[in-house]
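Here's the letter readout for the chains.
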Amino acid sequence: NEHAVAVTEGKGGEQARDDAKGMYDWIEREGNADFSRTDCLRPHHGRFTNKKRLNEALEILVQRRIIGRRDREQISKPGRPAERYEVNPLVFDRK
């Protein structure tokens, strides 16, 4: 899959690329069109021990256009709106 190859090449340290690849695999497995930061933290609970590490992995996926940031939407809950990401539909295209 060319998206998976793109994750492992280019900018970022080895750990960030490994984290991005793990997140990419999770995105493929889950098949969700979008997700929040919290959604991706749950299954990777032991991997992302700090915010910087998560941010680096997400940034690699954004740079590779595998995911894109969505505008923060205020839901009828108090507090800061969730940071959400939209998955490029080509990730799920098996052709």
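In what follows, the structure referred to is the one given above.
Residues numbered from 1 in each chain as written. Predicted model: local features only at pLDDT ≥ 70, side-chain atom pairs only at ≥ 80, totals over all residues. Heavy atoms only, no water.

K.L.:
Explain the environment of R37 here, please?
P.N.:
With respect to the helices, strands and loops of the structure, R37 is situated in helix α3 (residues 37–41). Distance in space between the C-alpha atoms of R37 and A82 is 7.6 Å, their sequence separation being 45 residues. Excluding residues that lie within four positions of it along the chain, R37 makes contacts with K51, L54, N55, L58, E83 and Y85. (Helix = DSSP H or I, 4+ residues; strand = E, 2+ residues; numbered from the N terminus. Contact = heavy atoms within 4.5 Å.)

K.L.:
Quick question: what am I supposed to make of the pattern of salt bridges here?
P.N.:
Any two side chains of opposite charge can pair, on the condition that their charged atoms come close. Applying the stated rule across the entire model yields 9 salt bridges. Across the salt bridge formed by D39 and R84, the nearest N and O atoms sit 4.0 Å from each other. Highlighted residues: D39 in helix α3 and R84 in strand β3 (residues 84–87), separated in sequence by 45 residues. With its nearest N and O atoms 3.7 Å apart, the salt bridge here joins K52 to E56. Of the two residues, K52 and E56 are both situated in helix α4 (residues 51–63); the distance of 4 residues between them amounts to about one turn of the helix. Taking relative accessible area as the criterion, K52 reaches 57% and is therefore assigned exposed. (Salt bridge = Lys/Arg side-chain N within 4 Å of Asp/Glu carboxyl O. Buried < 20%, exposed > 50% of the residue type's maximum accessible area, 1.4 Å probe, protein only.)

K.L.:
Would you take a moment to explain the sheet that holds strand β1 (residues 34–36) for this structure?
P.N.:
Strand-to-strand pairing in sheets goes through backbone hydrogen bonds, with the strands running parallel or antiparallel. Overall, antiparallel pairing links the 3 strands, which are arranged β1-β3-β2 in an open sheet. Only two strands of the sheet have a single neighbouring strand rather than two, namely β1 and β2 (67–69). Between one strand axis and the next, the sheet turns through 30° on average, direction left out of account. Where β2 meets β3, 3 bridges bridge the pair, whose relative direction is antiparallel. Its bridge partner being in β3, R69 is matched across the sheet by Y85. (Pairing = 2+ DSSP bridges. Axes fitted to C-alpha atoms, helices over the stretch in contact; angles between N-to-C directions.)

K.L.:
It is not clear to me how the packing of aromatic side chains should be interpreted in this structure. Could you clarify?
P.N.:
To describe a pair of aromatic rings, one takes the distance between the centres and the angle between the planes. On inspection of all chains with the given rule, the structure shows 2 aromatic pairs. Measuring from ring centre to ring centre gives 5.3 Å for W26 and F35, while their planes differ by 85°; the resulting arrangement is edge-to-face. The burial state of W26 is the same as that of F35; both residues are buried. Taking 5.6 Å as the distance between ring centres and 25° as the angle between the ring planes, the aromatic pair formed by F35 and Y85 counts as stacked. Of this pair, F35 sits in strand β1 while Y85 sits in strand β3, and the two are 50 residues apart along the sequence. The exposure class of F35 is buried, given its relative accessible area of 2%. Residue Y85 is classed as buried on the basis of its relative accessible area, which comes to 2%. One aromatic cluster is present, formed by W26, F35 and Y85 through successive ring pairs. (Phe/Tyr/Trp six-rings, centres within 6.5 Å; stacked < 30°, edge-to-face > 60°.)

K.L.:
Looking at this structure, how should I read the nonpolar core?
P.N.:
Soluble globular proteins: nonpolar side chains tend toward being buried together. One finds M23, I27, F35, L58, L61 and I67 to be the most contacted residues of the largest nonpolar core, which totals 20 residues. With sequence-adjacent residues up to four places away left out, M23 is seen in contact with C40, H44, F48, L54, A57, L58 and L61. (Core = buried A, V, L, I, M, F, W, Y, C linked by side-chain atoms within 4.5 Å.)

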